Amino acid sequence: WEELDDSCAVESAVACDARLRTDDLICECEAPGMLAAMSCDLGVVKETCSADGCKVLAKGMRFRSCSDYCGERGLACADAWEEHDGSCTAEFPVGCEAKIDSDDLLCACSPATGGPPAVAAAAQSMANASSPATPAKMVNSIASSSGRCFFSHNVEEVCSANGCKVLVEDMKYKSCSDYCGARGLGCVGAWEELDDSCAVESAVACDARLRTDDLICECEAPGM
């Protein structure tokens, strides 16, 4: 993950093999001698995203959580992400309990903690440390407990100090309620922008779907 303010707080998820122009990264390594004992058989999936089969691109997930998905298969959820372009690439973390308006989610499952000792210990380890900054508390998209938002997808400009009001591109026939809802948040306000900036031309309804590429959307501050 890309870190936030030189801390364990997550700004955005990146691929394990990503090489970026940044000094700091948050890395999570396998627990030696534990994960080798683990494997998952999740049946028919859109794509398998890990060697052990426990991280998958799950389909049919609109308003269903990864906890629901893993639980139906007798497993626990270790972590969850919004996917990017129907692939195993993570767009942003959403948390195991998040139910968002998205057909596909990346779900990481782990064997239930009642199994053999090595597997149970690995499952508990994954549940406790599946990603930095206690992601189970980060259901409201890429957000910290301080009431800040960290959006990156299609954001042209951040328009507020807490990051929850943004100028968003590629919004033709999409509403700010759609944008915020996909991140587990409600919409506070929506505006038509002026000259591709945070300047407001006119206010519109949160659920308005217009023939415009850009909108200014303000989402609820997480935890507030």
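For the structure given in this document, a descriptive report is provided here. Here the structure is a predicted model, which is why all the values come from computation and not from measurement. Position labels on residues start from 1 in each chain and follow its written sequence. Restriction of local features to residues with pLDDT of at least 70 applies here, the model being predicted, together with a cutoff of 80 or more for giving and counting side-chain atom pairs; totals for whole chains, interfaces and linings are based on all residues. Hydrogens are left out, water is left out, and the side-chain values use all remaining heavy atoms of the structure.

Overview of the overall build of the chain
Move 1: A tally of regular secondary structure across the chain gives three helices and 14 strands.
Move 2: Residues counted as buried form 43% of the 224 residues belonging to the chain.
Move 3: Any two residues whose heavy atoms approach within 4.5 Å are treated as being in contact. At a minimum sequence separation of 6, the contacts of the chain that also span at least 24 residues come to 60%.
Move 4: A 1.4 Å probe and the Shrake-Rupley method give the accessible areas. Residues count as covered only by the protein chains that appear here. If you sum the accessible surface of the chain, you get close to 11,400 Å²; carbon and sulfur atoms cover 48% of it. Segments assigned H or I by DSSP are reported as helices when at least four residues long, segments assigned E as strands when at least two residues long, and all are numbered from the N terminus. We call a residue buried when its accessible area falls under 20% of the maximum for its residue type, exposed when it is over 50%, and partly exposed in between, using a 1.4 Å probe and counting protein chains only.

Description of the sheet that holds strand β6 (residues 90–93)
Move 1: Note: two strands are recorded as paired if DSSP finds a minimum of 2 bridges between them. Pairing is antiparallel in the open sheet, where five strands are placed in the order β3-β4-β7-β5-β6. Either end of the sheet is taken by a strand with one partner, and the two such strands are β3 (47–48) and β6.
Move 2: As defined by bridge partners, β3 adjoins strand β4 (residues 55–58) across two bridges and the pair is classed as antiparallel. Across the sheet, the residue bridging to T48 is V56, located in β4.

Focus: the state of the cysteines
Move 1: Cysteine sulfur atoms that come within 2.5 Å of each other are treated as a disulfide pair. A complete count under the given rule lists 10 disulfides for this structure.
Move 2: The residue that forms a disulfide with C40 is C54, at a sulfur-sulfur distance of 2.0 Å. The chirality of the disulfide connecting C40 with C54 is right-handed, given an S-S dihedral of about 90 degrees. A residue pair is termed long-range when its members are at least 10 positions apart, and C40 in the loop between β2 (10–12) and β3 and C54 in the loop between β3 and β4 qualify at 14 residues.

What about unusual backbone geometry?
Move 1: A positive phi angle is found at F63, which is not glycine, with a value near 55 degrees.
Move 2: Inspection of the secondary structure assignment puts F63 in the loop between β4 and α1 (66–71).
Move 3: Notably, D170 is not glycine yet its phi reads approximately 60 degrees, a positive angle.
Move 4: Within the secondary structure layout, D170 lies in the loop between β11 (165–168) and α3 (176–181).
Move 5: Residue classification places D170 among the partly exposed residues on the basis of a relative accessible area of 44%.

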